[in-house]
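Close look at the chain arrangement
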Amino acid sequence: MPTSFTVVPVETQGEERQRDGQLREEEDEDNERDRGAGDGIARESSPFIDCAELGRGNMYEGKNMALFEEEMDSNPMVSSLLNKLANYTNLTQGVVEHEADEDSKRKEVKGPRMGTFIGVYLPCLQNILGVILFLRLTWIVGTAGVLESFIIVFMCCACTMLTAISMSAIATNGVVPAGGSYYMISRSLGPEFGGAVGLCFYLGTTFAGAMYILGTIEILLTYISPSAAIFKVADVGEETEAMLNNMRVYGTCIVILMAIVVFVGVKYVNKLALVFLACVILSIIAIYAGVIKTAFDPPDFPICLLGNRTLSKRNFDVCAKFTESNNETKTTPLWHLFCDSSLLNATCDDYFSLNNVTEIQGIPGIMSGVLTDNLWSAYSEKGSIIEKKDQPSVAGSEESKMGGLPYVFTDIMTYFTMLVGIYFPSVTGIMAGSNRSGDLKDAQKSIPTGTILAISTTSFIYLSCIVLFGACIEGVILRDKFGEAVNGNLVVGTLAWPSPWVIVIGSFFSTCGAGLQSLTGAPRLLQAIARDGIVPFIQIFGHGKANGEPTWALLLTVGICEIGILIASLDSVAPILSMFFLMCYMFVNLACAVQTLLRTPNWRPRFKYYHWTLSFLGMSLCLALMFICSWYYALIAMLIAGCIYKYIEYRGAEKEWGDGIRGLSLNAARYALLRVEDGPPHTKNWRPQLLVLLNLDNEQLVKHPRLLSFTSQLKAGKGLTIVGSVLQGIYLDKCTETQKAEENVKALMGVEKTKGFCQIVVSPNFRDGISYLIQSAGLGGMKHNTVLMAWPQSWKQAENRFSWKNFVDTVRETTAAQQALLVAKNIDLFPTNQERFTEGNIDVWWIVHDGGMLMLLPFLLRQHKVWRKCKMRIFTVAQMDDNSIQMKKDLQMFLYHLRLNAQVEVVEMFENDISAFTYEKTLMMEQRSQMLKQMQLSKNEREREAQLIHDKNTASRSAPAAEASVAAAVPEKVQMTWTKEKFVAEKHKNKDSNVSGFKDIFNMKPEWENLNQSNVRRMHTAVKLNGVVLNKSQHAQLVLLNMPGPPKNRKGDENYMEFLEVLTEGLDRVLLVRGSGREVITIYS
């Protein structure tokens, strides 16, 4: 059935709501009349509509959607969703993350938005073409030669073109709000990469502003008004230093002035952008017009050469040693510069005397064939004289001083990689279109088209200018950075038509505009990062004026820009910003490659002309260019980005943006899981992968937090840890409790620094829930191999849900699953992570071989600072037939091969008669068990009966008269738990007894003979071993003990608990260890 709906305009929504309210009231009245009418069936009897929610149901679109009323609470109608999308407006990145408050903030739709040409192409053109083209490109061509310059420009342009392709794919994969490259990288690679690269891009943009300002001052002081210099040249050789100081003073003034302009009104900057762009375009047109003019009428810019050396014409006009007038020979100002007097017989510079002064045309024209001379590079050291190749020259005396002579010197040492670093900023600016995505009519169409066209245009301009400069201008002029040989004119200006001033004025305004644009864009980028909240220490820069202008961010930007100004050299600042831009471009390519390779379902760019190989090529090219430009700057930039990355990872706010790095992690995890699925790990790689079973109280809080403390001490962040617990009930009824329990457990894991996963299982039966965890926790090869649990202290109390039956079944299941089991007794006495043992022992009682678990656990514990200062002692038990001396030697040798430091002791436990105490203990245990089996009572009645027996036993010890009444049912010596004092008292009771005491024992002997002899032997072992352990390890910080297995016959499970209780009586901290049946430690490397 076709559905028709109306998208309500924004400004009429309030009226629509009022009309909707009136209609709903009328519908309510109609519904009241309808109830009970017609067929007599009330409306609320419908299985889908609840009478209590009828009023709320009327909120929805009529009655057609009644079936979906429950879903509408959380999911909007399609019509509502489309209405929101139709009125979607791009908001400043970081101001509002989602569209939560858009309904209240939506305004009238703006006028016609910008298309591809105005919105993307021209801004990119303006940002790409700039200061380097006018001030340094001719110098790069002259120094590197046409061929190598072509390679430099081609590499840089290829880098930006590949980046633009990757950027187009990302930009067309959904709506890109304002924020440009930062938004794309952060949403594609995650907050850590986004923050790190976003801040690097911010620093790059800020230093670009410094570079443009330095270019502005260079044009002003070198080509427009040299007399405006504050620092004058006092001595020869101080020209460079004076120029740098002038740069610093003027640069500081201009950056403050520009900051005031940006602060007062950024709208004026945007309005002047077209004016600045027009200056750039006119200047380029003037260059091409000048090139065409040189074909038939080259301009007259003569160059004066002495031999093959270029002379600076700032201090003389006539290019000759002397002139003749009225048959009289007169020396020229040039003679005065090289000789000590104006006389013809004066002492002159040796090279000046030996070589002639010649004059050649600086711009011979495109038809002159000078291109062949300019094909090859002419790199030089700092302070070298610019010389013309193939020009005749006679070498003078090497002792002659160059300083003070009017030669044109090179100001810096030149080489290929340095030129790459200086040139690369001239191809940056490709993000200008994506930064304006909020103002575009169709961003997904305009950004790829406009950006790629702009790069193609600028690449053609740069490459053609290289060839044309090399074909039109003399090489010595090209290498003359500041135009000293052509009367201080801008070199590219000498080529322009109709006048060099077109280029000078155009480049001056274009650099001013570019500087203003940088000071406008950089604070907004910083503000976007700050408002995202991923870097806590810069959040203050998210604040600004009432209208949203980033005041604090502007102040920081001006401060960083001033650092670039104080460097004062355009050639030194350019490689710095090259690093930051290259790093940004590298991660744009990485983002595209990762998304493409992962094939995430949301990766559906409208721009189809991309491939992951192109992105990887662009990324590799960016990385190579970083190290080509300056390896130490590259390392510093990567270090800065790495520090920011780790800071965000450690302190930053957690954001889930569906980024590619998370997808990459999932893919890597899947690959690793498939790899480790092949089989069990080698013994050398074995470590306890723990499943920690926690008990929760009625408030879903952990009963024994120390169990997690012990886990972190045992694991130290290594391997797998799964913290599990069971809630009893039905999952549909326990959803809320499950979430609360999981939050509480995760919070405690964070406090205890337990790195791992949490898994809460809801089961109708507590016993089955534990079984589910043991069977199914983990995934693939990342499954637990060890279960850690606390000893059930109140196992004799039937109301304890983790009763002895559950405990014994858990022991059996871990054995069946071939998993190790660790049981911590008296867990609440175990140390926290903040405690430190300064002394003491970790005692290991090695009774049976369990695969080496007992040896490995103390070693792992002693890696943690809590147990680090404890010493390890190993005890083993020798029987009657064993050679205890040889056993000790063998054990010491075994530990030596295991590389474990431990004190070894062999304890001799000889066979002797079973004591009366053991028989009595066994008798009490069996009678208690028999009583509970015979009483077919309900659970509550059984609890009351056990308590009654306990009370009677207590009364029998205090009242001798009551002893006879209960003697037939229960012996007088029933004790639920034996302390050390009781144990010693009972053990030595026979020695202090009188003759009647012996008679009582003798009278009980027939009952002893009826005992299960297996239970008697087991109890005898528990009593004897407990006495030995108490004797040696009572004051140990931790005792590790082999845990005996449960009986095969399940009828004796409660006896098993009693054996373990007796075995560990009197010890503070005990860890019962039951191995998995496989070797976990080896002597081999």
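Residues numbered from 1 in each chain as written. Predicted model: local features only at pLDDT ≥ 70, side-chain atom pairs only at ≥ 80, totals over all residues. Heavy atoms only, no water.

We now examine the nonpolar core. Judged by nonpolar contacts, the single largest core of 166 residues is most densely connected at Met-211, Tyr-423, Phe-424, Met-431, Tyr-462, Phe-469 and Phe-587. At 23 residues, helix H9 (residues 180–224) tops the list of elements feeding residues into this core. Residues within four places of Phe-469 in sequence aside, it is in contact with Leu-137, Thr-138, Val-141, Ile-287, Leu-478, Val-492 and Leu-495. Counting residues in each nonpolar core, the second largest holds 53 residues, with Leu-696, Leu-748, Leu-788 and Met-855 among its members. (Core = buried A, V, L, I, M, F, W, Y, C linked by side-chain atoms within 4.5 Å. Buried < 20%, exposed > 50% of the residue type's maximum accessible area, 1.4 Å probe, protein only. Helix = DSSP H or I, 4+ residues; strand = E, 2+ residues; numbered from the N terminus. Contact = heavy atoms within 4.5 Å.)

Attention now goes to the sheet that holds strand E2 (residues 309–310). One open sheet accounts for three strands, arranged E2-E1-E5; its pairing is antiparallel. Only two strands of the sheet have a single partner each, and these edge strands are E2 and strand E5 (357–361). The sheet contact formed by strand E1 (residues 302–306) and E2 spans two bridges and is antiparallel. Paired with Leu-306 across the strands is Arg-309, a residue of E2. (Pairing = 2+ DSSP bridges.)

Bringing the packing of aromatic side chains into the picture now. Under the criterion given, the structure shown has 25 aromatic pairs. Taking the centre distance of 5.5 Å and the plane angle of 80 degrees together, the rings of Tyr-423 and Tyr-462 count as edge-to-face. Taken as a pair, Tyr-423 in helix H14 (residues 416–423) and Tyr-462 in helix H16 (residues 443–472) lie far apart in primary sequence, 39 residues in all. Across the pair, Tyr-462 and Tyr-423 agree in class, each one buried. (Phe/Tyr/Trp six-rings, centres within 6.5 Å; stacked < 30°, edge-to-face > 60°.)

With that settled, consider the packing of helix H10 (residues 239–264) against helix H20 (residues 551–567). Across the interface, H10 lies against H20 with an axial gap of 9 Å and an inter-helix angle of 165 degrees. Accordingly, the angle class assigned to the pair H10 and H20 is roughly antiparallel. In the crossing of H10 with H20, the sense of the turn from one axis to the other is right-handed. Between H10, through Met-247, Arg-248, Gly-251, Thr-252, Val-255, Ala-259, Val-262 and Phe-263, and H20, the contact on the second element is made entirely by Thr-551, Leu-554, Val-558, Cys-561, Glu-562, Ile-565, Leu-566 and Ile-567. Taken together, the residues that form the contact of H10 with H20 break down as 11 nonpolar, three polar and two charged. (Axes fitted to C-alpha atoms, helices over the stretch in contact; angles between N-to-C directions. Parallel < 35°, antiparallel > 145°, perpendicular 65-115°, else oblique. Left-handed = near helix turned anticlockwise from the far one by under 90°. Nonpolar A, V, L, I, M, F, W, Y, C, P; charged D, E, K, R; others polar.)

Moving on, we get to helix H8 (residues 137–171). Taking 1.5 Å as the rise per residue, H8 with 35 residues should run 51 Å; its terminal C-alpha atoms sit only 32 Å apart, a clear shortfall. Taken as a whole, H8 carries its principal kink of about 115 degrees at Gly-145. In terms of burial, H8 is a largely internal element, 28 of the 35 residues being buried. (Expected span 1.5 Å × (residues − 1). Bend = angle between axes of the 7 residues up to and from the residue.)

Now for the side chain of Ser-709. Looking at the secondary structure, you find Ser-709 in helix H25 (residues 706–715). With a relative accessible area of 0%, Ser-709 lands in the buried category. With near-sequence residues (within four places) excluded, Ser-709 lies in contact with Glu-752, Pro-831, Thr-832 and Asn-833.

The subject of this paragraph is unusual backbone geometry. In this structure, the amide linkage connecting Trp-497 to the following residue, Pro-498, adopts the cis form with an omega of 15 degrees. Positive phi, normally seen in glycine, also occurs at Asn-487, with a value near 60 degrees. Tracing the chain through its elements places Asn-487 in the loop between helix H17 (475–478) and helix H18 (491–495). For Asn-826, which is not glycine, the phi torsion reads 55 degrees and is therefore positive. Within the fold, Asn-826 resides in the loop between strand E10 (820–825) and strand E11 (841–846).

In this section: a nonpolar patch on the surface. A contiguous nonpolar surface patch, about 570 Å² in accessible area, is contributed by Leu-623, Phe-627, Trp-631, Tyr-632, Leu-635 and Met-638. Those elements that place two or more of their residues in the nonpolar patch are helix H22 (612–629) and helix H23 (631–651). The element contributing the most residues to the nonpolar patch is H23, with four residues. Mapped onto the elements, Leu-623 comes out in helix H22. (Patch = residues over 30% accessible without salt bridge, like charges linked within 9 Å, V, L, I, M, F, W, Y side chains within 5 Å. Areas by Shrake-Rupley, 256 points an atom, 1.4 Å probe, with all protein chains shown as cover. Salt bridge = Lys/Arg side-chain N within 4 Å of Asp/Glu carboxyl O.)

Across the five residues of strand E6 (residues 690–694), five count as buried, placing the element largely inside the fold. As paired strands, E6 and strand E9 (residues 786–790) are joined by three bridges and run parallel to one another. Note that in E9 the partner of Leu-691 across the bridge is Val-787. In terms of strand pairing, E6 meets strand E7 (residues 721–728) through five bridges, oriented parallel. If you follow Leu-694 over to E7, its bridge partner there is Ser-725.

The subject of this paragraph is the sheet that holds E11. The 10 strands lie next to each other as E8-E7-E6-E9-E10-E15-E14-E11-E12-E13, forming an open sheet whose pairing is mixed. Of all the strands in the sheet, the pair left with one neighbour each is strand E8 (757–763) and strand E13 (903–908). Strand-to-strand twist in this sheet, taken as the mean axis angle between neighbours without regard to direction, amounts to 20 degrees. Pairing of E11 with strand E12 (residues 871–878) involves six bridges; the strand directions are parallel. Following the sheet pairing, Val-844 is matched in E12 by Ile-874. Strands E6, E7 and E8 of the sheet are contacted by helix H26 (residues 735–751), whose axis makes an angle of about 150 degrees with E8.

So, on to the pattern of salt bridges. Under the counting rule described, the total for this entry stands at 16 salt bridges. Arg-136 serves as the salt-bridge partner of Asp-571, at 2.8 Å between the closest nitrogen and oxygen. One end of the pair, Asp-571, is in helix H21 (residues 570–598); the other, Arg-136, is in the loop between helix H7 (131–135) and H8, and 435 residues separate them in sequence. Three or more residues are tied together by salt bridges with common partners; here these are Arg-136, Glu-218, Asp-411, Lys-481 and Asp-571.

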